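Here is what each chain is made of, one letter per residue.
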Amino acid sequence: MDHEVAPREPAAPAGIGTFEAEADVVVVGGGGGGLPAALFSRWLGNEVILLEKAPQLGGTARKAAFWYWVPNNEPMRAVGLEDREEDCLRYMARLARPHQYDPSSPTLGLSAWEYELCRAIYQSASPATELLAERDALPYRHCADVPDYWAELPEDKAPTGRVLLPRDASETMSDGGRVGISTMSEAAARDGVVVRTGHRVQRMVMADGAVVGVEATTPDGATHRVGARKAVIFATGGFTHNPELRQNFLNVPVYGGCAA
């Protein structure tokens, strides 16, 4: 449940001015997407500030089982489960764009950028997972027998083996999100990610057509401007609360959501 903050304001970009804080990378949202983004940015040598509107990190991921889907992951390969790129891409394309899916198309019916996005997930998810585990930010265990949600589709040539779970989650898996958020939060504190909770980002700060920072409000109504020398990464989630986004990006009717 959201905590009390200043009322939402129009999201029109703000002009350049004085920043109260500045970093190479500013990450907006401290859940299952934002925390890894902040950690990867920090491990590349960047100064990182993470802004989260809630009083604690985690977002929707905190209340989830936190299974995460990693094609061609290392444990799969170790036990001899094959998950070829061309097969996995067909499976992802059919699920992502069922009405446009075309197995005879070079991009499987996807736009060029969607196809490259799927390829990036296939090629990068496992190395990212291993790095998170090696740095003790998200150690995992392999759920070898858990099937994909759509394992019955003929495009799914690897119906089991892609699911991972935070290592120390209980057997019921009900606390996986709390465990994963905890280990990633500890890694962020250990490795120097600056975390500011209670900061609701309201707008981007623009200069010469580029995003150079964000404006955030705190529960007391104060405005804080945070500059980004390299990039602002949005990992804010929660899109199931937005009817337009649900209509355009979900392929089944959803009338609400329990996302943070």
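Everything numeric here is computed off the predicted structure, so don't read it as measured data.

K.L.:
Please clarify how the overall build of the protein chain should be interpreted in this entry.
P.N.:
Within the protein chain, the regular secondary structure consists of seven helices and 10 strands. Whereas a compact globule of 260 residues would reach a radius of gyration of roughly 18 Å, the protein chain reaches 20 Å, a difference of no more than 12%. Overall, the C-alpha framework of the protein chain stretches about 55 × 40 × 35 Å when taken along its three principal axes. Per-residue burial for the protein chain yields a buried fraction of 43% across its 260 residues. In the protein chain, the proportion of contacts linking residues at least 24 apart, taken out of those at least 6 apart, comes to 66%. For the protein chain, the exposed surface amounts to about 13,700 Å²; the carbon and sulfur share of it is 55%. For the protein chain, the separation between the mean place of its 25 positive charges and that of its 34 negative charges on side chains is 2 Å.

K.L.:
What is the right way to look at helix 4 (residues 85–96) in this model?
P.N.:
For an α-helix the count is 3.6 residues per turn, leaving residues at separations of three or four pointing the same way. An ideal rise of 1.5 Å per residue puts 16 Å on 12 residues; helix 4 measures up with 16 Å between its terminal C-alpha atoms. Listed in full, the buried residues belonging to helix 4 are D87, C88, L89, Y91, M92 and A93.

About the cut-offs
Residues numbered from 1 in each chain as written. Predicted model: local features only at pLDDT ≥ 70, side-chain atom pairs only at ≥ 80, totals over all residues. Heavy atoms only, no water. Helix = DSSP H or I, 4+ residues; strand = E, 2+ residues; numbered from the N terminus. Rg over C-alpha atoms; globule rule 2.2 N^0.38 Å. Buried < 20%, exposed > 50% of the residue type's maximum accessible area, 1.4 Å probe, protein only. Contact = heavy atoms within 4.5 Å. Areas by Shrake-Rupley, 256 points an atom, 1.4 Å probe, with all protein chains shown as cover. Lys, Arg positive; Asp, Glu negative; His and termini not counted. Charge placed at Lys NZ, Arg CZ, Asp CG, Glu CD. Expected span 1.5 Å × (residues − 1).

Take it as geometry only, folks, not as evidence of what the structure does.
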